[in-house]
Amino acid sequence: MISLAGRDILHSWGKFVFTGFGLGLLIGVTLTMAGVYRGMIDDAQVLLDNSGADLWIVQQDTQGPYAESSSIYDDIWRRVASYPGVAEAASVTYFTMQVRLGTRDVRALVTGIVTGEFGAPGWPRFLIAGRQITRDHYEAIADIASGLQLGDVIQIRRNHYTVVGLTRRMVSSGGDPMIFIPLKDAQEAQFLKDNDAIIEQRRRTEASPVYNRPSVPGLLDAVIRTQSTNPTVNAVLIRMKPGFDSSLIAEQISRWNRLQVFDRAGMEAILTGKLIATSAKQIGMFLVILAIVSAAIVAFIIYTLTLGKIREIAVLKLIGTRNSTIAGMILQQAIGLGLIGFAVGKISATFWAPIFPKYILLTPMDALYGLIAVMLICALASILAIRAALRVDPAEAIGG
Amino acid sequence: MTHGIRIEHLSKRYGSGDTAVDALKNVNMAVAPGEVVGLIGPSGSGKSTLLKCLGAVIKPTTGKMILGDEVIFDNDWKIKDLRALRRDKIGFVFQAPYLIPFLDVTDNIALLPMLAGVPNKEARARAHELLNALDVAPRARAMPAQLSGGEQQRVAIARGLINRPPVILADEPTAPLDSTRALAVIRILNDMAQRYQTAIIVVTHDEKIIPTFKRIYHIRDGVTFEEAGEGRAIT
Ligand SMILES: Nc1ncnc2c1ncn2[C@@H]1O[C@H](COP(=O)(O)OP(=O)(O)OP(=O)(O)O)[C@@H](O)[C@H]1O
Ligand SMILES: [Mg+2]
């Protein structure tokens, strides 16, 4: 037996290829949407992996530092560093801002990391160019997604930083590239007021009889100093010594210090479950709509192709072709169309994924699910055409 | 005498009640193996209806139909698989050739035996034999759209013959052809009837070919009358 569907596709291959191409672009978009979702999850995991932390200490009753804002004192790291099992503890700050480079600016997650301790938690673990931050001030490491290059001088608030190193795949959960700067600079930048505000505050403090007491020399200076420094950070990252139970330590730290402590699994649950939940739903909606549109297109095309062959189908039936053979022919054509579409979609998604600003992760598993979904949709979409074909009366072939 | 086709007192009523149409009232026919008979009648007389009944695509109301020595209808179908009956016992040739546009000439013909489970190679060999007999062998690899009307009709005849059916039903097979080609088709049908001992019924309006039949059935208002034809030789 020959493949009727195959012969028909070969005969009118132009029609099939063009329709398959259009369908393929749609499938490509669908695969890309799934890739965007996977990319967000992967970004979150890379963010956690690269922080090099086993525990995150944040403000009590918050889900910081990524999903909510969190503020804790910058000496807490010293307290927790002495707990048994804690290998390293380091403060970090995170804040998203527009970083200026000359006349343009890039959106970035500016991360403050401790200096002096090589490889402390929070440090970028791998550089693709340049070196780590070695000075306590005015050096920066940028992710290449920011478009910055070694030697670029960027401006964060009033200070200028020289880019000394470059990383890859270090982005926030929103996809913004990370820029690392020394912790002290970051603390200052996060709370820095403009000059006018500082002068205004100093004037108000001086005018207040509560602080400005000539009888207590040094009080005013001390007050002004506390007002213009920032003793807080967003989180403390802890790296455990091997062989210690991190959940036990987490429990102790949170009980004795009135702090919130998350382990890796808890942090991941917040990042992947809560932070990107809305985006994930959004993508889910897109996937559903794209699936429906694809199904409608396949159904419409297969139905039209079948109606165009109704005479031949009547003849096939008259000369004794079984219904299953005819249904099989239509089903195979729908599947064939789906396969062409899937191939085009997979290739185009692979081709255009790197051009997207946010990371797109195309996994073989998603491709497989996509293929199965396309096959199911095509099979479903051919039902209409199959019904039309099976209703054809073989007597029609004989005519009046 | 064994009959290729025998029809006795066949009737067919379309619909029921007030709108009922008695398309066939009393049809009696017998066509011997190797014989080509004409079926002639005015429009609406029931020719197509008769072919559809014989072709087992619509169900007659009453009467009897015998194919070879098998009773296929006796007030009800006497066999279960009408599709297999059509495939194995009846060849169809239509006014328009209705070839499958996406199959080449060979496979258009070989499709029938393939559907019955004959291996592709053997089915194609049988198709080639017929294409030779019908003088279209040089076009064996052509697609239907690349053939002339006459060639298409010959391919359609080959398709009707490929399973060596004991019966061939032809509905206006010469209508689209000029007189030379029309006569050529009738000669082919006569040759094939002789060669394969096929009983052939040709429904026609075509004045050019009517004189070639040895026997003609007239049908009027669903009733058949037999008449001797001229049986003129085709030159
Ligand atoms: N499906 C049907 N339902 C109801 N009546 C029908 C149907 N098919 C045919 N008829 C009627 O049966 C009668 C015979 O029709 P049939 O098609 O057999 O005629 P015919 O001899 O083939 O005519 P023509 O030469 O015009 O093709 C006509 O009166 C027609 O109106
Ligand atoms: Mg008719």
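Residues numbered from 1 in each chain as written. Chains lettered and ligands numbered in written order. Predicted model: local features only at pLDDT ≥ 70, side-chain atom pairs only at ≥ 80, totals over all residues. Heavy atoms only, no water.

**A closer look at the overall build of chain A**
Put simply, the test is: Counting from the N terminus, the helices are DSSP H or I runs at least four residues long and the strands are E runs at least two residues long. Taken over C-alpha atoms, the radius of gyration is set against a globule rule of 2.2 Å times the number of residues to the power 0.38. Throughout, exposure labels follow a simple rule: accessible area from a 1.4 Å probe, protein chains only, divided by the maximum for the residue type, with under 20% read as buried, over 50% as exposed, and the rest as partly exposed.
Helix and strand content of chain A: 13 helices and 12 strands. A globule of 400 residues ought to have a C-alpha radius of gyration of about 21 Å, yet chain A, at 31 Å, is considerably larger. A total of 400 residues make up chain A; the buried ones form 48% of that total.

**Some points on the side chain of A:Thr205**
Quick note on the threshold: Whether two residues are in contact is decided by their heavy atoms: any pair within 4.5 Å suffices.
Along the chain, the position of A:Thr205 falls in helix α5 (residues 195–207). Setting aside residues up to four positions removed in sequence, A:Thr205 forms contacts with A:Tyr211, A:Asn212, A:Leu220, A:Val223, A:Ile224 and A:Gln227.

**Let's talk about helix α7 (residues 246–257) of chain A**
Residue and element names in this part refer to chain A. Note the following rule: By this rule, a helix spans an expected 1.5 Å times one less than how many residues it contains. Here the arc refers to the directions that run from the helix axis out to each C-beta atom.
In this model, α7 (12 residues) spans 16 Å end to end at C-alpha, consistent with the 16 Å of a helix rising 1.5 Å per residue. Inspection of α7 places Ile249, Ala250, Ile253 and Asn257 among the buried residues, and these make up the whole buried set. Axial view of α7: buried residues confined to an arc of 105°, hence all on one face. Buried residues belonging to α7 abut β1 (55–58), α3 (76–81), β3 (86–101), β11 (235–240) and β12 (260–263). At the exit of α7 stands arginine 258, carrying a positive phi of roughly 50°.

**Re the pattern of salt bridges**
Pairing between side chains of opposite charge can happen when their charged atoms approach one another. To keep it simple, the criterion reads: Within this document, salt bridges are pairs made up of a side-chain nitrogen of Lys or Arg and a carboxyl oxygen of Asp or Glu, the two lying within 4 Å of each other.
If you walk through the whole model with that rule in mind, you get 25 salt bridges over all chains. Between A:Asp43 and A:Arg169 there is a salt bridge whose closest N-O contact spans 2.5 Å. You can see A:Asp43 sitting in helix α2 (residues 13–51) and its partner A:Arg169 sitting in the loop between β8 (159–167) and β9 (178–182), a full 126 residues away along the chain. The partner of A:Glu268 in a salt bridge is A:Arg264, with the nearest N and O atoms 3.2 Å apart. Linking A:Glu268 with A:Arg264, this pair stays in helix α8 (residues 264–275), spanning four residues, or about one helical turn. Here A:Glu268 falls in the partly exposed class, since its relative accessible area comes to 23%. Through salt bridges with shared partners, a single network forms among A:Arg7, B:Asp107 and B:Arg124.

**Observations regarding the domain arrangement of chain A**
All names here are of chain A. Applied cut-off: The split into domains, and so the bounds of each, comes from an automatic or database assignment of domains. Two parts lose some accessible area (1.4 Å probe) when they are put together, and adding that loss for both gives the buried area. N or O atoms within 3.5 Å of each other form a polar contact, as long as, within protein, one can give a hydrogen and the other can take it, and as long as residues adjacent in sequence are counted only when both atoms are side-chain atoms. Gly is placed with the polar residues, together with every amino acid not listed as nonpolar (Ala, Val, Leu, Ile, Met, Phe, Trp, Tyr, Cys and Pro) or charged (Asp, Glu, Lys and Arg).
One can read the domain layout of chain A as domain 1 (4–44 + 277–397), domain 2 (60–192 + 232–258) and domain 3 (196–229). In this complex, domain 1 contributes four residues to the contact, which on the side of domain 2 involves six residues. Taken together, the two surfaces of domain 1 and domain 2 that pack against each other cover about 430 Å², and 43% of this comes from carbon and sulfur. On the domain 1 side of the interface with domain 2, the three residues burying the most area are Asp43, Lys358 and Tyr359, jointly 73% of the side's total. For aspartate 42, the salt bridge goes to arginine 169, with nearest N and O atoms at 2.2 Å. Across the contact surface, domain 1 and domain 2 share two residue pairs in polar contact (both at pLDDT 80 or more). Partitioning the side of domain 1 that touches domain 2 into residue classes produces one nonpolar, no polar and three charged.

**Regarding the nonpolar core**
Filter applied, for reference: Here, the term nonpolar core denotes a set of buried Ala, Val, Leu, Ile, Met, Phe, Trp, Tyr and Cys residues that are joined through side-chain atoms within 4.5 Å.
With 78 residues, the main nonpolar core has A:Val298, B:Ile109 and B:Val202 as its most contacted residues. When near neighbours in sequence (up to four residues on either side) are disregarded, A:Val298 contacts A:Leu23, A:Ala334, A:Leu337, A:Cys378 and A:Ala381.

**Some remarks on the pairing of strand β6 (residues 90–93) of chain B**
Residue and element names in this part refer to chain B. Let me state the cut-off plainly: DSSP calls a pair of strands paired once it identifies at least 2 bridges connecting them.
Residue alternation in β6 divides its side chains into two sets, Ile90 and Phe92 and Gly91 and Val93, and both sets are buried. Across four bridges, the pairing between β6 and strand β7 (residues 167–171) is parallel. Residue pairing across strands places glycine 91 opposite isoleucine 168, the latter belonging to β7.

**Here we look at the interface of chain B and chain A**
Taken together, the contacts link 26 residues of chain B with 27 residues of chain A. Between chain B and chain A, the buried area comes to about 2500 Å², and carbon and sulfur atoms account for 67% of it. Of all residues in chain B, B:Arg83, B:Phe102 and B:Leu115 give up the largest surface area on contact with chain A, accounting jointly for 28% of the area buried on that side. The interface formed by chain B and chain A includes one salt bridge. In this structure, A:Arg7 and B:Asp107 form a salt bridge, with 2.7 Å as the shortest nitrogen-oxygen distance. For the pair chain B and chain A, the interface holds eight residue pairs in polar contact (both at pLDDT 80 or more).

**Here's the deal with empty space enclosed by the protein**
Stated formally: In the cavity and pocket records, a cavity denotes points on a 1 Å grid over the protein atoms alone where a 1.4 Å probe fits but cannot get out, a pocket denotes an open set with protein on both sides within 12 Å along at least 5 of 7 lines, and lining residues are residues with an atom within 4 Å of a point. Grid points are joined across faces, edges and corners, and a volume is the space filled by probe spheres set on the points.
Inspection of the entire model under this criterion finds four cavities of 30 Å³ or more. Of the voids in this model, the largest cavity is the one considered here, and its volume is about 60 Å³. Taken together, A:Ile319, B:Arg86, B:Arg87, B:Ile90, B:Gly91, B:Phe92, B:Leu112, B:Arg159, B:Gly160, B:Asn163 and B:Pro165 form the lining of the largest cavity. Those elements that provide at least two residues to the lining of the largest cavity are α2 (82–89), β6 and α5 (149–161) of chain B. Considering every element that reaches the lining of the largest cavity, the biggest residue donor is β6(B), with three residues.

**What about the layout of surface pockets?**
All names here are of chain A. In this structure, the largest pocket occupies an estimated 580 Å³ of space. Taken together, 25 residues form the lining of the largest pocket, with Asp74, Lys184, Gln187, Glu188 and Asn230 sitting closest to its centre. Looking at the lining of the largest pocket, the elements that each hand over two or more residues are α3, β3, α4 (183–191), α5 and α6 (219–227). Here the lining of the largest pocket gets five residues from one element, more than from any other, and that element is α4.

**Some details on the packing of α5(A) against α6(A)**
Residue and element names in this part refer to chain A. This is how it is decided: The angle between two axes is taken between their N-to-C directions and runs from 0 to 180 degrees, where each axis is a line fitted to C-alpha atoms and a helix contributes only its stretch in contact. Handedness of a crossing is defined here by the sense of rotation of the near helix relative to the far one, left-handed for an anticlockwise turn of less than a right angle and right-handed for a clockwise turn.
Running from amino to carboxyl end, α5 crosses α6 at an angle of 145°, the nearest separation of the two axes being 11 Å. Here the hand of the crossing between α5 and α6 comes out right-handed. Between α5, through Gln201, Arg202, Thr205 and Glu206, and α6, the contact on the second element is made entirely by Leu220, Val223, Ile224 and Gln227. Classifying every residue of the contact of α5 with α6 gives three nonpolar, three polar and two charged.

**Considerations on the confidence of the model for chain B**
Which entries qualify depends on this criterion: The predictor rates its confidence in each residue with pLDDT, a number between 0 and 100.
Overall, the predicted model of chain B reaches an average pLDDT of 88, with 98% of residues at or above 70. At the level of chain-chain contacts, confidence expressed as ipTM amounts to 0.83, with global pTM at 0.77.

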